[in-house]
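Now for the letters of each chain:
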Amino acid sequence: MDASRCVIPVVKSPKDYQAFRISPNDTNRLAIVFEPTTANFSVTLCVEIFDVGGKTPPNRHQYATEMFFILKGEGQASCDGKTVPIRAGDSILVPPTGIHLIENTGSSRLYALCIMVPNENFAELIHSGVPVELDEEDLSVLRRTAVPAFR
């Protein structure tokens, strides 16, 4: 292998994530893990955190595909009028132009890993919001310390 072509990976931990509410009264927060400036690629990867009863407004993306992997909690996902229940371990794939939303219908916070390709100004939208801090519950989920260890 040619050493001049070696790429050094970018490694981050939860303490490095910046979190935002896109609008001050939103009931969800987004913790950015990777974005185009750090990934050197048109992708945004974040953890979306929904308070109890929290949801995204219905939205759509012209070119981007958005994927969600539910880390913890339960809720429902809707796309173009179809609604399905979601819980930890479920995956959702939203194609471009699909009008979609995610809602926390559970009794605790809902955490979803969210990936958007291409970025379609998603990272910029998040950064334009209100900065917020991740609390201990958030950090516990992100560090996976809230999940029993498998032996």
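That block above? That's the structure.
Residues numbered from 1 in each chain as written. Predicted model: local features only at pLDDT ≥ 70, side-chain atom pairs only at ≥ 80, totals over all residues. Heavy atoms only, no water.

Asks: Would you mind showing me how to read the side chain of Asn104 here?
Replies: Within the element layout of this structure, Asn104 appears in strand β8 (residues 100–104). Within the local environment of Asn104, its side chain forms a polar contact with the backbone oxygen of Phe50, the two atoms lying 3.2 Å apart. A polar contact is formed between the side chain of Asn104 and the backbone nitrogen of Gly106, at a distance of 2.8 Å. Ignoring sequence-local partners within four residues, the contact set of Asn104 consists of Phe50, Asp51, Val52, Gly53, Gly54, Glu74, Gly75, Arg109 and Leu110. (Helix = DSSP H or I, 4+ residues; strand = E, 2+ residues; numbered from the N terminus. Polar contact = N/O pair within 3.5 Å; in protein donor to acceptor, adjacent residues only side chain to side chain. Contact = heavy atoms within 4.5 Å.)

Asks: In this structure, what is going on with the side chain of Thr56? I would like to understand it.
Replies: Tracing the chain through its elements places Thr56 in the loop between β3 (44–50) and β4 (65–72). Thr56 has contacts with Asn28, Glu48, Phe50, His100, Leu101 and Ile102, leaving out every residue within four places of it along the chain.

Asks: Could you clarify how one ought to interpret the sheet that holds β8 in this entry?
Replies: Through backbone hydrogen bonds, the strands of a sheet pair up, either in parallel or in antiparallel fashion. Spatially, β6-β5-β8 is the arrangement adopted by the 3 strands of the open sheet, whose pairing is antiparallel. Of all the strands in the sheet, the pair left with one neighbour each is β6 (82–87) and β8. Pairwise comparison of adjacent strand axes, ignoring direction, gives a mean angle of 20° for this sheet. Judged from the 5 bridges that link them, strand β5 (residues 74–79) and β8 form a sheet pairing that is antiparallel. Paired with Cys79 across the strands is His100, a residue of β8. (Pairing = 2+ DSSP bridges. Axes fitted to C-alpha atoms, helices over the stretch in contact; angles between N-to-C directions.)

Asks: Help me understand the packing of aromatic side chains, please; the structure alone is not making it clear to me.
Replies: Ring pairs (aromatic) are described by centroid distance and by the angle formed between their planes. Taken as a whole, this structure holds 0 aromatic pairs when the rule is applied. A cation over an aromatic ring shows up here: Lys12 above the ring of Phe34, its NZ or CZ 5.6 Å from the ring centre. (Phe/Tyr/Trp six-rings, centres within 6.5 Å; stacked < 30°, edge-to-face > 60°. Lys NZ or Arg CZ within 6 Å of the ring centre and 35° of its normal.)

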